[in-house]
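Here's the letter readout for the chains.
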Amino acid sequence: MADYNHRETEQKWQRFWDENNTYKPAETTDRPKYYVLDMFPYPSGAGLHVGHPLGYIASDIVSRYKRLKGYNVLHPMGFDSFGLPAEQYAIQTGQHPAVTTEANLTRYIEQLKNIGFSYDWSREVRTSDPSYYKWTQWIFMELFRSWYNRETDKAEPIETLFAKFAANGTPGIQAVCDDSVTSFTADEWNALSETEQYAISLQYRLTYLADAVVNWCPALGTVLANDEVKDGVSERGGYPVEQKLMRQWMMRITAYADRLLTGLDTIDWTESLKEQQRNWIGKSIGASVRFAVDGSPKTENHKPDTQHYIEVFTTRVDTIYGVTFMVLAPEHELVAALTTPEQQGAVDAYINAAKLRSERDRMADTKAVSGVFTGSYCINPFNEEKVPIFLADYVLAGYGTGAVMAVPSGDPRDWNFAKHFDLPIVPILDAQKDIDKQADNTKEGHYINSGMVNGMTYKEATATLIAWLEARGLGRGKVNFRMRDAVFSRQRYWGEPVPVYFKEGPSGRLPYLIDESDLPLELPAVDKYLPTETGEPPLGRAEGWKYKGEYEYELSTMPGWAGSSWYWYRYMDPQNTTEFASKEAIDYWQNVDLYIGGTEHATGHLLYSRFWNKFLKDRGYVPQEEPFKKLINQGMIQGRSNFVYRVSGTGREGAPAVFVSLNQINGQDVTPLHVDVNIVENDVLDIDAFKKSRPDLAENAEFITAPDGRYIVGAEVEKMSKSKFNVVNPDDIVEKYGADVLRLYEMFLGPLEQAKPWNTNGIDGVYRFIRKFWRLFYKDSAEGASQWIVTDEQPSPAELKVLHKTIKKTEEDIELYSFNTSVSSFMICVNELATLNCHKRAILQDLVLLLSPYAPHITEELWAALGNEPGTLSKAEFPTFNPNHLVEDAFDYPIQINGKVRTTISFAIDRAPNEIEREVLADEIVQKWMEGKTPKKVVVVPKRIVNVVL
């Protein structure tokens, strides 16, 4: 057989694509554009395993298909190359993170190119490259120079706020700002010094400094994001993490909360992913209420003094007469003032314990009840009853106001807390049932035990209570969001420096932006990648690192999500040194048409990217509100782990271990142990390889095998990881089977969005398919070489039917992202053409085009062999489906004799039933089964069946 040399062919075309920039988009803008993007990968030292390329293969298929459909396709690749793993390695080894990152990048790029992706590598970007993070810093500066005007519902330059202050002062200003801003007149503003005005403006800017509760990891010396903390410890290293109040840079993402919600209705994302974002944003309509601290002084009209009240946000102000206690977050700013001397020890112990639990753990733990009494009380503004104030870690400082008015009759968590601490549970609606057993949060019925709203319904009571609060300045109707402003600082080295320095002002140090001409602000050299001995971030180790030799820089760096919140624009114009991308490039490429990546970024990267995109649109830099039109989350390719079975009690104290084959266990007590899947083939273990790979387990071991000498392993589907020895390297698959086989097999495993197990045993079918496809073009000659067998004969109707059925199916499948069913249709097509002995150019050239998005290497080779100019495959046209070729001109009728099918006879579809009946009865096989009998009747169902009843 003339076999196909996949390695030689694939390497040849990968070199060709590189040398000829085959996949570089056209510079002209006269063709429709299509932008296909993969989520920014982080280049880890482990490289790729076979699960990683799944989404990349899908996006590559779409990219290649869209080129064939006449689109100018932008399909870039780059790397989110700042990251904690490289920094941790630097701490351990002293090697600069840039060195490790570069080595990882080289490996990643080599692996990606080995699979044959149609990336335009000339556009590669890396977040750790100063020429890239210059523009990340510039966007930060633009955010700092902006405020959010609720009146226009968009971000505006800070100068427009200054102009409003100069003309009217704060009256009429509708701004997203700090809660503690003071009011002033235009005259008062204009009388301030420039520095005083600047200090006030810091409370309005879209990025700002504030004290925030963060995940602080002392061992790593840095703040961690929520997704970097698991079960109270750091995901990397397993170090304890505590909740700590720290001065941090923040981003006012909350200014965009409503737009982030409404924008979800305009984009083609899965409903489940949209719902994750809606829940994270958490829009609530309710009321803000002030509870005066008992014993605090009051101003005129009996309003509580601003320093002596607890403000809560509630979506159920109608239940306020049912409040029997108040709960504060352990981090609440008033805790110290509210704690009495008698309770100080208990409160301190509780706060220290709460620090060791992450916010995620505190939110997830709905069963445990814990808390501590502060010793103080507050006053319900409606009935003036004293309400005890507790601390409880189920309340978070960053959510709402960090305080909850507890109504145990209507809230399960409050009910559990009240039962635990023996606090009153007051019914407030006549429709509430069994509140001695559980909370009932109904809104039905009429209010009882509720003062001024007794007898009212929910709607009536809510309106009455809010009006009463607003008339007395004790509260107001309010829309609240669960989402908090985003922490934008990390006490690390390997990240973007914040382009800020500090100068002393009348009220302390004030942050200022460096000059744009000084961008990028590059990372300085340090002697170690650890915090300083005085607790400053690693940048504090830089010698003489001061702005203009005088002013202290910000020593924190930006978080990991900074560089990935705008990267799709840089791909449009990556070499631009004067702006992040030109207006012409942005206006042409607009936003991403198809974005593919994992679900783990639903409430991190995707929210921050949408936020930054909306900001850039507000400031006139981009034309689109949303960055990603269509988003697909690929499912996970799981590992198929293999196990050997050690007989329990063996392999101890120097005695050899005994391993028994799965089919020989026969009730023995055994211990399953993971074994490297790469030394297993079709569930048969390579015993010698096992001994070499695990001498600690098997060097002198005894192996009880099946009678045929094979050791059969066990198998189980698990997450692919090194610890389970089930990682399969795509390089090994490419070497053995070819990149085209890997690509086809990953698509063949199942629907893109679903999880599916990897099983190398199943790849042989795809491997055989590729070689069967090759044999439509070549056969063995007498000398053993490949002989070209393609002819210029006209195709038959049957061959055209097979081809056009496949054209239709392939186009429909790619448009629906149903790649697995396309692979099945290719296999059927090749089998049918082989059966028809079809080797005709008119059929095979179109089939090459159909298969090329999935298997680009073999199709490039055959495209050139068919006489086309090498490398022009991607510039060809996708075959046009002709429905006329699928019109049936005959039908194979099953012929039943007394209900049993005895033969099949083909008739033209327009044959009359009486003619069909006559020919059926004359058929030799039918006559044989009739045995000389005269039929009682013959039933002809057109294009279905013929039934002869004897």
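A brief report on the enclosed structure follows. (Residues numbered from 1 in each chain as written. Predicted model: local features only at pLDDT ≥ 70, side-chain atom pairs only at ≥ 80, totals over all residues. Heavy atoms only, no water.)

Examining the overall build of the chain
Across its full length, the chain carries 29 helices and 37 strands. Dimensions of the chain, computed from the C-alpha atoms along their principal axes, are close to 115 × 75 × 75 Å. Burial statistics for the chain: of 950 residues in total, 53% are counted as buried. Considering only contacts in the chain between residues 6 or more positions apart, those separated by 24 or more positions represent 72%. Of the roughly 42100 Å² of accessible surface on the chain, a fraction of 48% belongs to carbon and sulfur atoms. In the chain, which carries 101 positive and 131 negative side-chain charges, the distance between the mean positions of the two groups comes to 4 Å. (Helix = DSSP H or I, 4+ residues; strand = E, 2+ residues; numbered from the N terminus. Buried < 20%, exposed > 50% of the residue type's maximum accessible area, 1.4 Å probe, protein only. Contact = heavy atoms within 4.5 Å. Areas by Shrake-Rupley, 256 points an atom, 1.4 Å probe, with all protein chains shown as cover. Lys, Arg positive; Asp, Glu negative; His and termini not counted. Charge placed at Lys NZ, Arg CZ, Asp CG, Glu CD.)

Structural notes on the environment of Gly 651
Summarising the element assignment, Gly 651 is placed in the loop between β24 (637-647) and β25 (658-660). Relative accessible area serves as the criterion here: at 36%, Gly 651 is assigned to the partly exposed category. Remark: the alpha-carbon pair of Gly 651 and Asp 696, spanning 45 residues in sequence, is separated by 9.7 Å.

Quick look at the packing of aromatic side chains
Under the counting rule described, the total for this entry stands at 72 aromatic pairs. Ring centres of Phe 117 and Tyr 119 lie 5.4 Å apart, and the angle between their planes is 50°; this geometry places the pair in the tilted category. Comparing Phe 117 with Tyr 119, the two get one shared label, buried. Consider the rings of Phe 373 and Tyr 377, whose centres lie 5.6 Å apart with planes at 70°: the pair is edge-to-face. The exposure class of Tyr 377 is partly exposed, given its relative accessible area of 31%. (Phe/Tyr/Trp six-rings, centres within 6.5 Å; stacked < 30°, edge-to-face > 60°.)

Topic: the environment of Ser 201
Among the secondary structure elements, Ser 201 is positioned in helix α8 (residues 194-201). On the basis of relative accessible area, Ser 201 is assigned to the buried category, the value being 0%. Each C-alpha atom, one on Ser 201 and one on Arg 259, is 24 Å from the other, the two residues being 58 residues apart in sequence. Residues in contact with Ser 201, not counting those within four places in the same chain, are Ile 158 and Phe 162. One polar contact links the side chain of Ser 201 to the main-chain carbonyl oxygen of Tyr 198, over a distance of 2.6 Å. (Polar contact = N/O pair within 3.5 Å; in protein donor to acceptor, adjacent residues only side chain to side chain.)

Considering helix α2 (residues 53-68)
Compared with an ideal rise of 1.5 Å per residue, which puts 16 residues at 22 Å, α2 spans 22 Å between its outermost C-alpha atoms and is within 8% of the ideal. With respect to burial, α2 is a largely interior element, 16 of its 16 residues being buried. Just downstream of α2 lies Gly 70, where phi reads positive at about 95°. (Expected span 1.5 Å × (residues − 1).)

Quick look at the side chain of Asn 591
Within the secondary structure, Asn 591 is located in the loop between α17 (583-589) and β22 (592-597). Within polar-contact distance, the side chain of Asn 591 engages the backbone oxygen of Glu 626 at 2.9 Å. Setting aside anything within four residues of it in sequence, one finds Asn 591 in contact with Lys 33, Tyr 35, Gln 624, Glu 626, Pro 627 and Lys 629.

Some points on the pairing of β22
With six of its six residues buried, β22 lies for the most part within the structure. Taken together, the three bridges between strand β1 (residues 33-38) and β22 define a ladder with parallel strand orientation. When the bridges of β22 are listed, Asp 38 appears paired with Ile 596. One ladder, built from five bridges, connects β22 with strand β23 (residues 628-633); its direction is parallel. (Pairing = 2+ DSSP bridges.)

Things to note about the pattern of salt bridges
Under the definition given, this model contains 49 salt bridges. Note that Glu 735 and Arg 7 form a salt bridge whose closest N and O atoms lie 3.4 Å from each other. With a gap of 728 residues between them, Glu 735 in helix α21 (residues 730-736) and Arg 7 in helix α1 (residues 6-20) connect regions that are remote in the sequence. Residues Lys 629 and Asp 593 are paired through a salt bridge, measuring 3.1 Å at the closest nitrogen-oxygen approach. Of this pair, Lys 629 sits in strand β23 while Asp 593 sits in strand β22; the two residues are 36 residues apart in sequence, bridging distant segments of the chain. Residues participating in the shared-partner salt-bridge network are Arg 259, Arg 610, Lys 614, Asp 618, Glu 625 and Glu 626. (Salt bridge = Lys/Arg side-chain N within 4 Å of Asp/Glu carboxyl O.)

Things to note about the side chain of Arg 771
Here Arg 771 shows up in helix α23 (residues 764-774). Here the side chain of Arg 771 touches His 6 through a polar contact of 3.3 Å, side chain to side chain. If we ignore the near neighbours within four places in the chain, the residues touching Arg 771 are Asp 3, Tyr 4 and His 6.

Details of the sheet that holds strand β5 (residues 207-217)
Judged by pairing direction, the sheet is antiparallel, and its four strands sit side by side in the order β6-β5-β9-β17 without closing on themselves. Looking at strand neighbours, the two that pair on one side only are β6 (222-224) and β17 (486-487), the edges of this open sheet. For β5 and β6, the ladder comprises three bridges, and the chain directions are antiparallel. Within β6, the position partnered with Trp 216 by the bridge is Val 223.

Some remarks on the sheet that holds strand β34 (residues 890-897)
A sheet is described by the order of its strands in space; here four strands give the open sequence β35-β34-β37-β36, paired in mixed fashion. What marks the edges here is a single partner per strand, and that holds for β35 (900-908) and β36 (937-941). The average angle at which neighbouring strand axes cross in this sheet is 20°, direction not considered. In the sheet, β34 pairs with strand β37 (residues 945-949) via three bridges, with the strands oriented parallel. Across the sheet, Ile 897 pairs through a bridge with Val 948, a residue of β37. Together, β34, β35, β36 and β37 form the strand contacts of helix α28 (residues 913-922), whose direction differs from that of β36 by roughly 125°. (Axes fitted to C-alpha atoms, helices over the stretch in contact; angles between N-to-C directions.)

Points about the packing of helix α24 (residues 797-815) against helix α26 (residues 841-851)
In contact at an axis separation of 10 Å, α24 and α26 are set at 15° when each is read in the N-to-C sense. Comparing their axes, α26 and α24 come out roughly parallel. In this structure, the crossing between α24 and α26 has a hand that is left-handed. Mapping the contact onto sequence places Glu 799, Leu 800, Leu 803, Thr 806, Ile 807 and Thr 810 in α24 and Ala 842, Ile 843, Asp 846, Leu 847 and Leu 850 in α26. By residue class, the composition of the contact of α24 with α26 is seven nonpolar, two polar and two charged. (Parallel < 35°, antiparallel > 145°, perpendicular 65-115°, else oblique. Left-handed = near helix turned anticlockwise from the far one by under 90°. Nonpolar A, V, L, I, M, F, W, Y, C, P; charged D, E, K, R; others polar.)

Describing unusual backbone geometry
Cis geometry is found at the peptide bond from Leu 519 to Pro 520, where omega equals -5°. A positive phi angle, close to 60°, is found at Glu 384, a residue other than glycine. Structurally, Glu 384 is set in the loop between β13 (372-379) and β14 (386-391). Its identity is not glycine, yet Lys 548 carries a phi of approximately 55°, on the positive side. As for its placement among the helices and strands, Lys 548 is situated in the loop between β20 (546-547) and β21 (551-553).

Details of α26
Because the α-helix completes a turn every 3.6 residues, residues three or four places apart line up on one side. Here α26 has its buried residues at Ile 843, Leu 844, Leu 847, Val 848, Leu 849, Leu 850 and Leu 851. The inward-facing, buried residues of α26 contact α2, α22 (739-748), α23, α24, α25 (819-835) and α27 (856-865).

Topic: the pairing of β37
Pairing analysis gives five bridges linking β36 to β37, with the strands arranged antiparallel. Following the sheet pairing, Val 939 is matched in β37 by Asn 947. The hairpin turn running from β36 into β37, its antiparallel successor, is three residues long, and Lys 943 in that turn takes a positive phi close to 60°.

Some words on the environment of Glu 699
When you line up the elements, Glu 699 lands in the loop between α20 (695-698) and β29 (702-704). Separated by 46 residues in sequence, Glu 699 and Tyr 745 place their C-alpha atoms 36 Å apart. In this structure Glu 699 touches Lys 691 and Arg 694, once residues within four positions along its chain are discounted.

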